[in-house]
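Observations on the three-dimensional arrangement
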Amino acid sequence: MTSDRDPQLLKGVLPMLTLAALTHDESYGYELVAALRAAGLAELSTGTLYPVLTRLERDGLVTSRLVASSSGPARKYYRPSDAGLAALRTQRASWAALVATADRVLRAAAETAAAGTAATDTAPTAAPTHPEGTR
Amino acid sequence: MTTHHDTAPDASATDDAAHRLTWRDRQRLSWWFLRFELAMQDYPGREARRIRRELRASVLDDASRIGLDAALRDLGSPRRLAAGYFAELEHERPRWTDGAVLAAVVGVALPLYSWLGWQMGALDAVDAMGGGTVELSWFGSPVTLTRTAEEISMTTSVTWGPLALSAALALVAFALGARVWRLRRG
C-alpha cells in the first residue's frame, strides 16, 4: 500500500502527523512509530521520527517528561504544548487547502486525459492523404 | 515546557541497561555510537550531547523489546540519522571538521608531498648529470642537493615564502570546506 510512496511526501507531513498522533495521548518514540505505522505509514522508522521529535521539542511544540521503566532507562514521553496544538490547527487548515487544490488540479488533468483518449477513439482510422507537393 | 536538562535520561540507568547486553552487542552499540558522534561533530555541542544521551536510552529501551539488531536497523545508518538531525536545524551550519580536513590536505600534505617530490626529482637529475652538489631554490627557500657515490643529502632552510603559500592554501581550503558563508545565516 505504501511502499511506492515518495519519501518527500512523508517528510513534509510528518511533523503535523506526529503532533496529531500525540493529541490522543502522550507517547514515547517507539510507541509513536508503532502507532503511525499502524495508521498506514508502514515505511516510517525510528530513524526518521526521532529527529522530528527533537525539532518539535526545540521549537516548543511538544513537552516531554521522563517516566521510569522497569526494563531499562527512563522513557521520554511527549505531548503537544499549547503552541503545538495551535500549530496543529493551522497546519490542518493549510493541509485541507492544499489537498483541495491538488484535488482540483488532478481532476482537471484526469478530465483532459480522458477527453484526449475519447478524441483518439473517435478519430478516423485511415491515414490522412497528402496531395503531391504539400508535404 | 519541560527543560532539556530535566528530561535527560539518567546515565546510570542507561549504563545498567547496556550491561544487560552481551559483550558483542555492547561493542556493536559502541561502534554505532562512535560513528554517530563522528557524523554529528559539527552539530551544536550541548544539543548534540543531549541527543546522543537520549538516543542511547531509546536504543537500549527498544533493544529490550525487539533486540539490538532490529533497533539499530530501524534507526538506519549513523550518517543518515545524523543527516536527519542536521536537516531539522533552522539553518545550515558550517562544517568545521570538513574544513579542517581539507585544510590539512591542501595546506600541509599537498605542499609537503610536492616539496619532497621536487627534491627527489632534482636529486635524480643531479645523478643523471654525473652527480655532485647543486644549489636550487623552491618558492624562495634555498635548497642544497648532493648526490655522489658516497653521499645523498638534501639541505634546506624554511623561509616565509613556502610557509605563507601553505597558510594561504590552508585558509582557502578551510573556508571552502567549512562553508563559512553559512555563518551569515546562522
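Higher on the page you've got the structure.
Conventions used here
- Residues numbered from 1 in each chain as written.
- Chains lettered and ligands numbered in written order.
- Predicted model: local features only at pLDDT ≥ 70, side-chain atom pairs only at ≥ 80, totals over all residues.
- Heavy atoms only, no water.
- Helix = DSSP H or I, 4+ residues; strand = E, 2+ residues; numbered from the N terminus.
- Expected span 1.5 Å × (residues − 1).
- Bend = angle between axes of the 7 residues up to and from the residue.
- Buried < 20%, exposed > 50% of the residue type's maximum accessible area, 1.4 Å probe, protein only.
- Contact = heavy atoms within 4.5 Å.
- Pairing = 2+ DSSP bridges.
- Axes fitted to C-alpha atoms, helices over the stretch in contact; angles between N-to-C directions.
- Buried area = accessible area lost by both parts, 1.4 Å probe.
- Salt bridge = Lys/Arg side-chain N within 4 Å of Asp/Glu carboxyl O.
- Polar contact = N/O pair within 3.5 Å; in protein donor to acceptor, adjacent residues only side chain to side chain.
- Nonpolar A, V, L, I, M, F, W, Y, C, P; charged D, E, K, R; others polar.
- Core = buried A, V, L, I, M, F, W, Y, C linked by side-chain atoms within 4.5 Å.

1. Topic: helix H6 (residues 96-128) of chain B
All names here are of chain B. Look at H6: 46 Å from first C-alpha to last across 33 residues, which is about the 48 Å you get at 1.5 Å a residue. Its axis deflected by about 30° at Ala 109, H6 carries its strongest bend there, up to four residues before the proline Pro 111. Of the residues making up H6, those classed as buried are Gly 99, Ala 103, Gly 107, Pro 111, Gln 119, Ala 122, Leu 123 and Val 126. Buried residues along H6 sit in contact with strand S1 (132-138), strand S2 (141-147), strand S3 (152-156) and helix H7 (160-178). Trailing H6 by a residue or two, Gly 130 shows a phi angle of about 105°, which is positive.

2. Section: the sheet that holds S2(B)
Residues and elements named next belong to chain B. Here we have three strands laid out as an open sheet, ordered S1-S2-S3, and antiparallel in their pairing. The sheet is open, and its two borders are formed by S1 and S3, each paired with just one other strand. If you compare each strand with its neighbour and ignore which way they point, the axes differ by 15° on average. Sheet topology note: the S1/S2 ladder contains seven bridges and is antiparallel. Within the sheet, the bridge partner assigned to Trp 138 lies in S2 and is Ser 141.

3. Structural notes on the pairing of strand S2 (residues 72-80) of chain A
Residues and elements named next belong to chain A. Of all nine residues making up S2, eight are buried, and the element is well covered by its neighbours. Sheet topology note: the strand S1 (residues 62-69)/S2 ladder contains seven bridges and is antiparallel. Looking at S2, one finds that Arg 65 is bridged to Tyr 77.

4. With respect to the environment of Thr18(A)
Residue and element names in this part refer to chain A. In this structure, Thr 18 sits in helix H1 (residues 7-24). Each C-alpha atom of the pair Thr 18 and Val 52 lies 8.4 Å from the other, and the pair is 34 residues apart in sequence. Not counting residues up to four positions away in its chain, the partners in contact with Thr 18 are Leu 32, Leu 36, Leu 49, Val 52, Leu 53 and Leu 56.

5. Let's talk about the interface of chain A and chain B
Counting residues at the interface gives 28 residues for chain A and 34 residues for chain B. Summed over both sides, the interface between chain A and chain B buries roughly 2,500 Å², with carbon and sulfur atoms accounting for 51% of that surface. Remark: the boundary between chain A and chain B carries six salt bridges. Among the ionic pairs, Asp74(B) bridges to Arg37(A), the shortest N-O distance being 2.7 Å. Linking chain A with chain B are 12 residue pairs in polar contact (both at pLDDT 80 or more), by the criterion used here. The set of elements that each furnish at least two residues to the side of chain A that touches chain B consists of helix H2 (29-38), helix H3 (46-58), S1 and S2 of chain A. It is H3(A) that provides the largest number of residues to the side of chain A that touches chain B, a total of nine residues. Taken together, the residues of the side of chain A that touches chain B break down into nine nonpolar, 10 polar and nine charged.

6. Remarks on the nonpolar core
Core analysis: the biggest nonpolar cluster contains 48 residues, and Phe36(B), Leu55(B), Val59(B) and Tyr85(B) have the highest contact counts within it. For this core, the element with the most residues is H1(A), which contributes seven residues. Those residues in contact with Val59(B) that lie beyond four places of it in its chain are Leu29(B), Phe33(B), Leu68(B), Ala71(B), Leu72(B) and Leu75(B). Core analysis: the next-biggest nonpolar cluster, separate from the first, contains five residues, Ala122(B), Leu123(B), Trp138(B) and Val143(B) among them.

7. A short note on unusual backbone geometry
Residues and elements named next belong to chain B. Notably, Phe 139 is not glycine yet its phi reads approximately 50°, a positive angle. Inspection of the secondary structure assignment puts Phe 139 in the loop between S1 and S2. Taking relative accessible area as the criterion, Phe 139 reaches 52% and is therefore assigned exposed. The backbone phi angle of Arg 179 is positive, close to 50°, even though this residue is not glycine. Mapped onto the fold, Arg 179 is located in the segment after H7.

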